[in-house]
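Structural description and commentary
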Amino acid sequence: MTKNFFKHIVWWTLGNVFNSSIRKNYPRESHHFLKEYFGNKEIRGAEIGVFYGVNSKWFFKMLNIRRMYLVDPYLEYEDSHDGRKIIHNFDKVKKKASDILYSWEHEKKLRWIYETSDEAFERQYIPDDLDFIYIDANHSYEFVKRDIENSWNLLKKGGVLIGHHFTFYSVAKAV
């Protein structure tokens, strides 16, 4: 991954050693970082793991997004950061995300990819000239590692790979 020194990796955490409370305020540090880094430049990005779409909404609100690729299969899965099986009504989660992001979808600024990230990368649904990729999907070590490796190749020179949940051991290990 060090072959291109003009790409950046930034991984944000919601807590720190002294304060482990989860902060759900938006915009997050990652949104501010990308705003400062790209300014008002028109950019293209991807989010791997969309869930309710709130994070994506803030990318659209704060950045000059020309096109965003949103990858989430909305399937139940086991997330190994704490060994518990994630149980959500993913139909409702998917509907909520669609409602939150409707205006940008209507403007054709986003493309939904309802598949796993492995499938999306393998089928080349995501172009290889992105300005940033945000990873917040399955937090298991193997999945995070593959998402990082696959995403790295899709960033253009000067692109930013950014992520979330660095306080999870599996994520920190993969990074």
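Throughout what follows, the structure given in this document is the object of discussion. Here the residue numbers are simple positions, counted from 1 along each chain's written sequence. Per-residue local features are limited, in this predicted model, to residues with pLDDT of at least 70; the limit for side-chain atom pairs, both in listing and counting, is 80 or more; totals at the level of whole chains, interfaces and linings are taken over all residues. Only hydrogens and water are set aside; all other atoms, that is, all heavy atoms of the structure, feed into the side-chain values.

Thoughts on the pairing of strand β3 (residues 65-71)
Burial analysis of β3 places five of its seven residues in the buried class, the great majority of the element. DSSP-based pairing: two strands are paired if at least 2 bridges between them are found. Helix and strand labels come from DSSP, where a helix needs a run of H or I of at least four residues and a strand needs a run of E of at least two; each type is numbered from the N terminus. As defined by bridge partners, strand β2 (residues 43-48) adjoins β3 across six bridges and the pair is classed as parallel. Residue pairing across strands places E47 opposite L70, the latter belonging to β3. By the criterion used throughout, a crossover qualifies as right-handed when its path from the first strand across the helix to the second strand runs clockwise, the strands pointing away from the viewer. Handedness of the crossover joining β2 and β3 through helix α2 (residues 54-62) is recorded here as right-handed. As paired strands, β3 and strand β4 (residues 110-113) are joined by four bridges and run parallel to one another. When the sheet's bridge partners are listed, Y69 is paired in β4 with R111. Relative accessible area decides the class of each residue, using a 1.4 Å probe on protein chains only: under 20% of the type maximum gives buried, over 50% gives exposed, and in between gives partly exposed.

A look at the packing of aromatic side chains
Aromatic rings from Phe, Tyr and Trp, taking only the six-membered ring of Trp, are treated as a pair when their centres fall within 6.5 Å; an angle between ring planes under 30 degrees marks them as stacked, one over 60 as edge-to-face, and anything in between as tilted. If you walk through the whole model with that rule in mind, you get ten aromatic pairs. Ring geometry for F60 against W104: centres 5.0 Å apart, planes inclined by 15 degrees, an arrangement best described as stacked. Taken as a pair, F60 in helix α2 and W104 in helix α4 (residues 102-106) lie far apart in primary sequence, 44 residues in all. Looking at F60, the relative accessible area reads 7%, which means it is buried. The class of W104 is buried, set by a relative accessible area of 15%. Every member of this aromatic cluster is reached through a ring pair, and the members are F33, Y37 and F38. Over the ring of W58 we find K61; its NZ or CZ atom is 4.5 Å from the centre of that ring. Two conditions define a charge sitting above a ring: the NZ of Lys or the CZ of Arg must be within 6 Å of the ring centre, and it must be within 35 degrees of the ring normal. A cation over a ring is seen here: R146 above F143, with NZ or CZ 5.0 Å from the ring centre.

Here we look at the environment of K41
By the secondary structure assignment, K41 is in the loop between α1 (29-38) and β2. With relative accessibility at 43%, the residue K41 sits in the partly exposed group. In sequence terms K41 and L63 are 22 residues apart; their C-alpha atoms lie 8.1 Å from each other.

A short note on empty space enclosed by the protein
Using a grid of 1 Å spacing that covers the protein atoms alone, one calls a set of points a cavity when a 1.4 Å probe fits there but cannot get out, and a pocket when the set is open and has protein on both sides within 12 Å along at least five of seven lines; lining residues are those with an atom within 4 Å of a point. Grid points are joined across faces, edges and corners, and a volume is the space filled by probe spheres set on the points. Taken as a whole and assessed by the stated rule, the structure comprises one cavity of 30 Å³ or more. Its volume calculated, the largest cavity comes out at about 40 Å³. Lining the largest cavity we find ten residues, and of these I135, A137, N138, H139 and V144 sit closest to its centre. Throughout, the ten residues Ala, Val, Leu, Ile, Met, Phe, Trp, Tyr, Cys and Pro are labelled nonpolar, Asp, Glu, Lys and Arg are labelled charged, and all others, Gly among them, are labelled polar. Of the residues in the lining of the largest cavity, the class split is five nonpolar, three polar and two charged.

Overview of the packing of α1 against α2
Here an angle of 0 to 180 degrees is reported between the N-to-C directions of two axes, which are lines fitted to C-alpha atoms, with helices fitted over the stretch in contact. Two numbers describe how α1 lies on α2: the axes approach to 10 Å, and their chain directions differ by 25 degrees. Compared by their axis directions, α1 and α2 come out roughly parallel. The crossing of α1 and α2 is right-handed. Residue-level inspection shows H31, H32, L34 and K35 of α1 in contact with α2, the latter providing N55, W58, F59 and M62. Roughly parallel refers to an angle under 35 degrees, roughly antiparallel to one over 145, roughly perpendicular to one between 65 and 115, and oblique to any angle outside these ranges. Should the near helix be turned counterclockwise from the far one by less than a right angle, the crossing is left-handed, whereas a clockwise turn marks it as right-handed. We call two residues contacting when some pair of their heavy atoms lies within 4.5 Å.

Thoughts on helix α3 (residues 90-100)
Two residues of an α-helix separated by three or four positions point the same way, owing to the 3.6 residues in each turn. Residues F90, V93 and A97 constitute the buried set of α3. Viewed end-on, α3 has its buried residues packed into an arc of 55 degrees, placing them on one side of the element. In α3, the exposed positions that point more than 90 degrees away from the buried face belong to D91 and K92. Tucked into the core, α3 has its buried residues touching β4. By definition, the arc is the one covered by directions from the helix axis to the C-beta atoms.

Quick word on the side chain of S56
Its location among the elements puts S56 in helix α2. Those residues in contact with S56, other than ones at most four positions away along the chain, are E47, V50, L70 and L101.

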